[in-house]
Amino acid sequence: MNLTPKHASESATEMVQVVLPNDANPLGFILGGTVMHLVDIAGAIACHRHTRSLLVTAAVDGLEFLHPIRVGDMIILKSRVTCTFRTSLEVEVEVFSEEILTGRRTLTSRAYLTFVAISSVGTKIEVPPLALETDEDRRRADAAHVRRRERLARRNVVRTAQ
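Let us look at the structure shown here. (Residues numbered from 1 in each chain as written. Predicted model: local features only at pLDDT ≥ 70, side-chain atom pairs only at ≥ 80, totals over all residues. Heavy atoms only, no water.)

Let's talk about the layout of surface pockets
How we decide: Note on definitions: the grid is 1 Å and covers protein atoms alone; a cavity is a set of points where a 1.4 Å probe fits but cannot get out; a pocket is an open set with protein on both sides within 12 Å along at least five of seven lines; lining residues have an atom within 4 Å of a point. Grid points are joined across faces, edges and corners, and a volume is the space filled by probe spheres set on the points. Comment: elements are numbered from the N terminus, with helices defined as DSSP H or I runs of at least four residues and strands as E runs of at least two. Polar here means any residue outside two lists: the nonpolar Ala, Val, Leu, Ile, Met, Phe, Trp, Tyr, Cys and Pro, and the charged Asp, Glu, Lys and Arg; Gly therefore counts as polar.
There is about 300 Å³ of room inside the largest pocket. What lines the largest pocket is a set of 13 residues, among which A58, S88, R148, L152 and R155 lie closest to the centre. If you list the elements that add at least two residues to the lining of the largest pocket, you get β3 (54–65), β6 (105–118) and α3 (135–161). Broken down by element, the residue count for the lining of the largest pocket peaks at five residues, all from α3. In terms of residue class, the lining of the largest pocket is built from four nonpolar, three polar and six charged. Empty space within the second largest pocket amounts to approximately 170 Å³. What lines the second largest pocket is F29, H67, P68, I69, R70, D73, S97, E99, R104, T106 and T108. Considered class by class, the residues forming the lining of the second largest pocket number three nonpolar, four polar and four charged.

Quick look at the state of the cysteines
To keep things clear, this is the line we draw: For the purposes of this analysis, a disulfide is any pair of cysteine sulfur atoms at a distance within 2.5 Å.
Per the counting criterion, the structure on display carries zero disulfides. No disulfide involves C47; its sulfur sits 11 Å from the nearest other cysteine sulfur, which is in C83.

A few points about helix α2 (residues 32–51)
An α-helical turn contains 3.6 residues, so a residue and the one three or four places further along point in the same direction. Put simply, the rule is: Expected span, for any helix, means 1.5 Å times one less than how many residues it has. Classification of residues uses two cut-offs on accessible area relative to the type maximum, computed with a 1.4 Å probe and protein chains only: under 20% is buried, over 50% is exposed, and between them is partly exposed.
For α2, spanning 20 residues, the distance from its first C-alpha to its last is 28 Å, which sits close to the expected 28 Å at 1.5 Å a residue. Residues of α2 that are buried: T34, V35, L38, V39, A42, G43, A44, A46, C47, H50 and T51. Two residues or fewer past α2, R52 is found with a positive phi of approximately 50 degrees.

Some words on the environment of L20
Mapped onto the elements of the fold, L20 is located in the loop between β2 (13–18) and α2. On the basis of relative accessibility, which here comes to 43%, the residue L20 falls in the partly exposed class. Here the alpha-carbon distance between L20 and E133, two residues 113 residues apart in the chain, equals 39 Å.

This is the structure in structure tokens:
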């Protein structure tokens with residue numbers, strides 16, 4: 001595997017689709033589970049672009065639903081790798097609604113997902129490092145390290161309690 005550092009821009013992904021009635025609840029808003037499904041896909045695509053490997057979702061951190069998305073609006077998902085570890089990497093996914101007639105965009109959700117790179121037989125493999133070029137890249141990576149430490153601490157508490 002090529003472990004040459006890669007830039008966040010190389011993994012950046014944007015998905016767009018129209019919210020249809022079969023994606024919605026009786027109030028006419030997209031289902032939260034549908035948003036989560038699309039977030040997982042957008043995150044996986046960015047991570048596949050970074051690792052060029054098979055991946056599994058390991059964790060979802062900080063998924064927030066800030067505003068609803070109406071039937072007929074577009075849902076836009078933007079994802080980018082924020083940090084890499086030895087065999088895993090974190091991706092940020094931002095979700096926007098866009099009104100068809102006005103073009104008005106609203107940030108509706110944000111989530112951070114961790115994926116683990118695996119071989120074709122299911123063993124963990126190393127991932128290429130992320131090239132941190134800007135202060136914003138470094139800020140995102142620092143925040144990812146904090147989320148990872150907190151997630152691992154929670155996991156250890158659960159294991160200790162068992």
